[in-house]
Amino acid sequence: SFGLSRYGESLLLVDANYNLLDSVEVPALERDVSYARANDGSWGYAVYPTPGEANREDVIPAWN
């Protein structure tokens, strides 16, 4: 099972040699709020979460 803390944390994607491929700082989230990558590569809040499916295009930008 895989999950992230709703209080926020770092997520790192590494290859078999532990080379960093990608990373994101997931902010603290309210219940039933999803954080997703938009088609343009930016991160934001998913208007309609899609667990187990591709993200939809309607992602609200996260202003850091």
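Here, every reference points to the structure presented above.
Definitions and limits used
Residues numbered from 1 in each chain as written. Predicted model: local features only at pLDDT ≥ 70, side-chain atom pairs only at ≥ 80, totals over all residues. Heavy atoms only, no water. Pairing = 2+ DSSP bridges. Helix = DSSP H or I, 4+ residues; strand = E, 2+ residues; numbered from the N terminus. Axes fitted to C-alpha atoms, helices over the stretch in contact; angles between N-to-C directions. Salt bridge = Lys/Arg side-chain N within 4 Å of Asp/Glu carboxyl O. Buried < 20%, exposed > 50% of the residue type's maximum accessible area, 1.4 Å probe, protein only. Phe/Tyr/Trp six-rings, centres within 6.5 Å; stacked < 30°, edge-to-face > 60°.

Engineer: Can you help me understand the sheet that holds strand β5 (residues 59–61) in this one?
Structural biologist: As a general point, the strands of a sheet are linked pairwise by backbone hydrogen bonds and lie either parallel or antiparallel. An order of β3-β4-β5 is seen for the 3 strands of this open sheet, with the pairing classed as antiparallel. Because the sheet does not close on itself, it has two edges, and the strands there are β3 (34–37) and β5. Adjacent strand axes in the sheet meet at a mean angle of 45°, parallel and antiparallel pairs treated alike. Note: strand β4 (residues 43–46) against β5, 3 bridges, orientation antiparallel. From the neighbouring strand, Tyr-45 faces β5, where its bridge partner is Ile-60.

Engineer: When you look at the pattern of salt bridges in this model, what are you seeing that I'm missing?
Structural biologist: For side chains bearing opposite charge, pairing can occur when the charged atoms are close. Summed over the entire model, instances satisfying the criterion amount to 1 salt bridge. Linking Arg-37 and Asp-22 is a salt bridge whose minimum nitrogen-to-oxygen distance equals 2.7 Å. One end of the pair, Arg-37, is in strand β3; the other, Asp-22, is in strand β2 (residues 20–26), with 15 residues separating them in the sequence. Taking the relative accessible area as the measure of exposure, Arg-37 reaches 31% and is therefore partly exposed. Note on Asp-22: relative accessible area 27%, which makes it partly exposed.

Engineer: Which parts of the structure should I look at to understand the packing of aromatic side chains?
Structural biologist: Within a pair of aromatic rings, the relevant descriptors are the distance that separates the centres and the angle that separates the planes. This structure, assessed with the given rule, holds 2 aromatic pairs. With a centroid separation of 5.8 Å and an interplanar angle of 10°, the aromatic rings of Tyr-35 and Trp-43 are classed as stacked. Judged by relative accessible area, Tyr-35 falls into the buried class, the value being 16%. With a relative accessible area of 25%, Trp-43 lands in the partly exposed category. An angle of 70° between the planes, with centres 5.4 Å apart, marks the rings of Tyr-35 and Tyr-45 as edge-to-face. In this pair, Tyr-35 sits in strand β3 while Tyr-45 sits in strand β4, placing the two residues 10 residues apart along the sequence. Joined through ring pairs, the aromatic side chains of Tyr-35, Trp-43 and Tyr-45 make up one cluster.

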